[in-house]
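Take a look at the letters that make up each chain.
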Amino acid sequence: MHGSDPQEGPLVGADGEVGYRGVTACQAVGISYRQLDYWARTTLVVPSIRDASGSGTQRLYSFRDLVVLKVVKRLLDAGVSLQNIRKAIETLRSRGVEDLAGITLISDGTTVYECRSPEEVVDLLQGGQGVFGIAIGGAFKEIQGSLSHLPAEPATQPQPVGVPAEPAAGDELAARRARRRAG
């Protein structure tokens, strides 16, 4: 990632790339930790900065990873199967950040089509294929807004000894129950 890209703004620190922990990624994207963990373990969206490697290590996601997570969530919410989402994400994974921002994904609920221009979007819609679309540039802006009040850390920072890794699914459920009782 380069600091000159206006899409990235404050995400690049003086010492390089900034990463986001799993809990922060969940909050920014609007998914559960269980979903995030499953998607990482099944290699749908693997954190590009640091994957978990045994107990005590934490996954670190890049800004681009968060955008891809947001796209996956939107496709799932629209009823696209994980198998078809996986195909779409594998295609997107080969793109650079600059490319991603200019892509609109259109789907009929089964197949996901990649459009790079308004003309392609119109052609697809006129052909009867499109039911909904995701402008990835819009997902960039949404994630930037969500991250403005969430913590980040330098990607090069080592995992402190004795600090537990991401919470287990049981911890998340316990926290939800406690919030429900308090609320």
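Chemist: Help me understand unusual backbone geometry, please; the structure alone is not making it clear to me.
Modeler: Positive phi is not limited to glycine here, since Thr 43 has a value of about 60 degrees. Residue placement: Thr 43 occurs in the loop between helix H2 (33–41) and strand S3 (60–61).

Chemist: What am I meant to see in the pattern of salt bridges here?
Modeler: Pairing between side chains becomes possible if they bear opposite charge and their charged atoms approach one another. Across all of its chains, the model carries seven salt bridges by this definition. The salt bridge partner of Arg 59 is Asp 37, with a shortest N-O separation of 3.0 Å. With a gap of 22 residues between them, Arg 59 in the loop between H2 and S3 and Asp 37 in helix H2 connect regions that are remote in the sequence. Pair check on accessibility: Arg 59 and Asp 37 agree, each one buried. The partner of Asp 51 in a salt bridge is Arg 59, with the nearest N and O atoms 3.4 Å apart. When its relative accessible area of 33% is taken as the criterion, Asp 51 is described as partly exposed. When its relative accessible area of 8% is taken as the criterion, Arg 59 is described as buried. Through salt bridges that share partners, Asp 37, Arg 41, Asp 51 and Arg 59 make up one connected network.

So, how was this worked out
Numbering of residues begins from 1 in every chain and follows the order in which that chain's sequence is written. Predicted model: local features are reported for residues with pLDDT of at least 70 only, side-chain atom pairs are reported and counted for 80 or more only, and whole-chain, interface and lining totals are derived from all residues. Side-chain metrics in this entry use all non-hydrogen atoms of the structure; hydrogen atoms and water are not considered. Comment: elements are numbered from the N terminus, with helices defined as DSSP H or I runs of at least four residues and strands as E runs of at least two. We count a salt bridge whenever a side-chain nitrogen from Lys or Arg sits within 4 Å of a carboxyl oxygen from Asp or Glu. Note on classification: 1.4 Å probe, protein chains only; a residue is buried when its accessible area is under 20% of the maximum for its type, exposed when over 50%, partly exposed between these limits.

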